Every structure is written in structure tokens, then in C-alpha cells.
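# Structural overview for review
As a plain string of letters, each chain reads:
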Amino acid sequence: MPSSRTPLSRLFTVLLAGVLVGLAVAVAALPGNLLLGLTARSALQAYADLPAALRTPATPQRSYLYANDGTTLITTFYDVNRTDVPLTEIAPVMRQAIVAAEDRRFYEHGGVDLRGMLRALVATADGSTQGGSTLTMQYVRNVLKNDPSRSAEERAAATEQTVGRKLQEIRYAAALEDRLSKDEILNGYLNIAYFGSGAYGVAAASQRYFAKPPAELTLAEAALLAGLVQSPDQYSPIDGDADAALNRRAYVLDSMVTTGAITVEQADRAKAEELTLDPTGQPNGCTAAPDGDDTGWGFFCDYLRRWWLEQPAFGATAEEREQALRRGGYTVVTTLDPDVQATAQRQATAVYDYDNQRALPIAAVEPGTGKVLALAVNRHYSLAANPDGQDNHPNTVNQLVAGGGSVEGYQAGSTFKLFTMLAALENGRTLATGFDAPSRLPTRYPADPGDATCDGRWCPANANPAWMDGYRMMWDGFGRSVNTYFVWLAEQVGQDKVVEMAQRLGITFRAQADATFAENNAADWGSFTLGVAATTPLDLANAYATVAAEGLYCAPTPVLSVTARNGDRVPVGDPSCRRVLDADVARAATDAARCPVGQQSSSGQCNGGTATAVNRILDGRPVAGKTGSSERAATESFVGFTPQAAVAGIAANPDDPSDSVGAAVQARVITGVAEVISTAVEGQEVRRFTPPSRELAGEPRRPTPRPTPTTEDPQRALPADIMRWLQGRRG
């Protein structure tokens, strides 16, 4: 309820207070027109003249990032460590303590305490100092000096020791008392006051000093916090003088006895309590996100921040959006699944440790929504220095999983054959499209001098002729990863259609050479189907997620919801989906993609795969996927998906593309990705893939059986001269 004091009483308060302040600095120094202006205005007019920040305070507040459960804190962002809480969530003893410490007559005056001001004047005349500002006046000062809409000069002016500033503060305080209840003013003060050690507001202070919410503060704790406000840096028991903090606590307790808030006995017991602190630093930014073998949340946090800076809902420019994140007090519930992330991080670090120059970035996406479930890699997201000669390990803030900035991505090898298969199915071919795949395939694409050629033309080869050569259809061509079959198929359909298909499913060409070739020479990009373009695990996982969702492409998103400080939901982060493939085309590609993982197509056409361990790890749950190996095993990849999760991992050396990770690591990549899928679908219903139509399946011819290699991946027994023929060209 607003103050019950009459307008005349409030006006008298303003007038007399102004006169007293003027006397304190000498009447001669007070401009006559300023006093005249003050006397001529009512408190009602003064309220109309209030700055917007006082009518609707917009103090900077910390933004919170949570995992998808809405309770697991990832990190916070802030310039000022502050979070507003309602008065009902602040312990009554804290409210009583701050009043006793700063303004005992708070509930009696109308914004200006004439008695207190007279005491301050007398004390000043005697050579000592004593504050005369009421809690309401302090609130005015705090709001104006923290108003984010004001310039630095205007904020500094709010604390200038001038007559004009003091009179303005008095007038504003009286106006606020006319419109706001005492509890509203007290609540605002408790949420904005500085308590030292970087904590603004009682919520941040109770967490900083005692690791608890303000509703749980004890009498001794509340008195200590209330005592800090007068001189936060001097009294802070963390950064200042602990003995001074205890002496100030005793003063506040005695003052609470004077106000009648507590008894002498209660005060004595609280004074006898030892100072027990539980200092808790509030994380600030992505480098402060939990980092370990079961977390590694920094790269996901970085991806979210990059996403945030592109959202117009948070400002017109990237700078305004950054300020909104750090000062806007948003609550962000992200799509990060802590369990999936933990598995992905453990698998990434099991293959390579943090100090290894090679990396295994892994991304997990939910088909049909685009929700990013995990982004993991064997690196610490940190600005800490690295040992000499180690540019990006063990510490880096480069986005190794989702790409961006200086990270263009990595070659993903035969995982790109999916795009050739989709383009072919969309353009009239069936899964039964057959071709007698040779060991080497002369193509129409010219090869530069020095490249492996067949009569001057690019001439790709199969990695394991004994297992791959012969009559192939899409099922076993994909299952056995037959290079010559897919290069032939891409020639029939048109390489430009294959490139366009990849882009349609979200593959972004971050490398300038790839982007230029895709724009100007896509029809002649013969090696594209063998995965020579750079990509990222997130792009790759989301492309395969589109197939898992039967042709529904959803833009990757890192958020479930964003709530503003006033409780309103910001309209961002909802799934942004569109159909990019006919559902039957996607079903047909999925049917063939069950061959590599050791499962069977709907018509029984699978006869070998390059990642058969996946079927065992998923315990027979319907799954599909594809392996990939770039030239000289420079990178090793695997993408797997079910109807509920798509996961991709690419083993590479982010700092040195010429460093081959080696063929032996592919089995571990396959296992790692499969384990992440297993965690993502754990506890969910078993959903089966829908078989393709008979029209897209076609009429298969039974292929001649070929011997199955003893290794997990058959693309290994390649002679050196054949390996040279596998070289991919960017043009």
C-alpha cells in the first residue's frame, strides 16, 4: 500500500529537507531558483518527472543456462552478479536486519527522515560523519547509478556530492513513497544493494557468502549481510576484514534489539556464533561451465552463445544481444541432455585423452525437432595456456564440434554417399539400381597432372576389391561402401544434384574452396560423393537426422525455452522444420542404411557391413548408419541414427589435416557413437523404421556372395598404388 501521509505532509517534508540540506552546505551556495522550483512542485508532479528506471527499474541481472531438465545449472552470464527475488523469498530476519542497519525509522517517514538528517548535520558540525540518507534515498541512488539505459557519465552523476543531486534525490524519494508501498521499496533495495565480493542484491549475496537462497538465512547470517552494505569492501569477510565484519554484525544485532525485531537474548546468541562462511563463486560465461569426463559443457555453451548472438529477438546488433545475455536476467532451458553429454564426453576422451593432438568431436541431435542433445570433444573449453607447440590442446575455445570462426570442419569420407543415394532415389532410381562395380572406374572428370588417372581422367578405386567388386545395388553398395558404385551412380544422376542434396539437408561449406566449387563447378565435383568436402559432426548428425525423420529437416537448436525476467516467454527456440525430402525417399535411404550396421533391409538385401558392432551395442534395436574414411585415413567417421536420435563422430587432427589418424581408430569411433545412441534412446519405446514402397525398392537381383573380411572395416587391404587413386580433388 502507498504511504498514508497526506500530500501536504509530503510536500512539507520535501521543503524542509531541502532547506536543511541547503543550510548544511551554506545558504549562499543554494541557487534561489532551485529552491523555488522545489517548493512549487508537488510529489505528484515529481513522480511524473521520475526517470524511467525509477518508475520501472531495469537493473542488470544475471542470466541462467540450464540443461534440458530445467534444474541442472550449466553456467550463468553477467556483468553484474545479481538476481531479483520477491520479498516473500527473503527471510524476515533479513528484512528486519537491513532496516535496523540502514534506516530504523523506515516505516515512519515519507522518504526523507528529518530527524536522521538533523543528526547527520549535528554530527558533521562536530567533525564526525554520519549518514542522513534514508533507505528510500539510497534505493534512488542505486537505481540511477546502475541504470543500463544511461551513459557512464550519467550513472556517475548519480553519486556526486552536490546540492542539486541531493535535492533531486530527496524529491525522487518522496515521489516514490507516494506511489510505492514500503515493502515494494524494501524489496527493490534488497535486490539492488551491493554486499561486497561482487554480489549485488541479497540473492547473490546469500549465495556468495553462505551458498544458500535468501529465504534460508539465519539471524546471524542476515545481520552480517546487512552490516556489509555500509562499507562492502571494508567489511566483506571474504575480501576485507573478518573482524570488522563481526563487529558490524554485532552493531546490527543491537540495532535490531532497539527496533524491537529481536530480544537481547536472541542478539547475544547470534553474536556468540562463529563466523561460518561457505564462499561460492558464481560461474560467469562458457569457460566457467563444468568441465570434466562427465560434463565438458563448454562447447555446448559456446554453441548456444553463438546462436544467441544471431537472434533478432535479443537486439538489433550482436553487441546488443551480448549485452542482453549478460544483463537481461534471462532463464534459458537448453536442449543439453546431461546423460547423453556425459556418455559422449566419456567416449571422446576414451578414444583420445585431453592432451592428444588428435580429437574426436561428437554431436547428438533429436530427429524431428533439431534439438542438440550433446556436443563433446576431448578438449577443455578454456582460455588457459597450452604447452609450447600445442596450439589447441588440451585447452581451446575454438568450436571444434559445431564449426564456426576458424573451424571449417573435417572430411567425413563415405558418409557423403548418403547424399548420392538420396539424389538418385529422388530422380527416378530405385534401391535395386544395379551396376557391376569394377575395382577402378574411369570417369569423365579430368585429373590434374600427378594425380592417379586412367588416360587423363579421375579414376577412383575400391578399397577392398575382393569384397567390394561385382554387381551391386544401393543396399550392398552402401553396406560395403563401394566407391566405384557410388561414383558411377553420382555420374548418372549428376554431381550438382548430389551437392544440392547435401546442402538441402544442412551441410554448410565453411571452407572457402568448397563453397566456391559448390557454387561454380558442382556438376564437375566428381569426388564429392567420397566426402572430400569439410563438414562438422553437428551438420552431419543433423543431415542424417533429417532422413531419420522421414525427410523433415529441422534447424539445429540449443534451447527449449527462454524466459525474460518478467516471466514472459521469448518467442525463440521452437523447432523450425520443413519438408526437404519425400517421406518415401527418406525411408528407402534408411532401408539401405541398415546394411552397414549389421542389420537387414526390409527385403533382405543386406549382405555385409562396415560397422556391424552397432547392432550388438544397440541390442537389435532398429538402427542405421554409415562409416567414412578419408584419403590415407586422415579422418575416420561414423554416423548412426534411430527414429529418436542421430549421432556423428569424426576423428581428426584439427590443427594438422595432413596427420592421418589411422584406420585402426575407426572401430573405436563406431563404438563410441553407438554408445551415445544407446544412452540417448535408453528408456524410450523401440520404434521401427517404416519400409519403403515397392516402387522405390524396385525388383532386386540377388548379388553373387563375396567373402567377408575378418576386420571390422573392409576398406583396409588397399595396395599403395590403389590408395593413391582414392585421392579426392576439390578442383
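Located above this text is the structure these notes cover.
This report concerns the structure included in the present document. (Residues numbered from 1 in each chain as written. Predicted model: local features only at pLDDT ≥ 70, side-chain atom pairs only at ≥ 80, totals over all residues. Heavy atoms only, no water.)

What follows concerns the state of the cysteines. The full count for this structure, using the stated rule, is four disulfides. At a sulfur-sulfur separation of 2.1 Å, the disulfide partner of C286 is C301. Between C286 and C301, the S-S dihedral sits near -80°, and the bridge is therefore left-handed. Here C301 lies in helix α16 (residues 298–308) and C286 lies in the loop between α15 (264–272) and α16, a separation of 15 residues in the sequence. Take C286 and C301: they sit in the same class, and that class is buried. The connectivity of the disulfide bonds within the protein chain can be written as 1-2, 3-4, 5-6, 7-8, using the sequence rank of each bonded cysteine. (Disulfide = S-S within 2.5 Å. Helix = DSSP H or I, 4+ residues; strand = E, 2+ residues; numbered from the N terminus. Buried < 20%, exposed > 50% of the residue type's maximum accessible area, 1.4 Å probe, protein only.)

Pairing between the strands of a sheet comes from backbone hydrogen bonds, and it takes one of two forms, parallel or antiparallel. Reading across the sheet, the five strands line up as β7-β6-β21-β20-β19 and stay open at both edges, with antiparallel pairing between neighbours. Of all strands in the sheet, those with a lone pairing partner are β7 (372–376) and β19 (624–629), marking the two edges. The sheet shows a mean angle of 5° between the axes of neighbouring strands, direction not considered. Helix-sheet contacts for helix α28 (residues 666–681) involve β6 (362–365), β19, β20 (636–642) and β21 (645–651), and the interaxial angle to β20 is about 25°. (Pairing = 2+ DSSP bridges. Axes fitted to C-alpha atoms, helices over the stretch in contact; angles between N-to-C directions. Contact = heavy atoms within 4.5 Å.)

A few words now on the nonpolar core. In terms of nonpolar packing, the biggest core is built from 112 residues, with F419 and M421 touching the most fellow members. Looking at which element gives the most residues to this core, the answer is helix α25 (residues 537–548), with eight residues. Ignoring sequence-local partners within four residues, the contact set of F419 consists of V498, M501, A502, L505, I507 and A543. Counting residues in each nonpolar core, the second largest holds 60 residues, with A175, L176, A226 and Y235 among its members. (Core = buried A, V, L, I, M, F, W, Y, C linked by side-chain atoms within 4.5 Å.)

So, about helix α14 (residues 242–259). Over its 18 residues, α14 runs 26 Å from end to end, which matches the ideal 26 Å to within 8%, given 1.5 Å per residue. Every buried residue of α14 is accounted for by A244, A245, R248, R249, V252, L253, S255 and M256. Looking one or two places after α14, you find G260, whose phi comes out positive at around 85°. (Expected span 1.5 Å × (residues − 1).)

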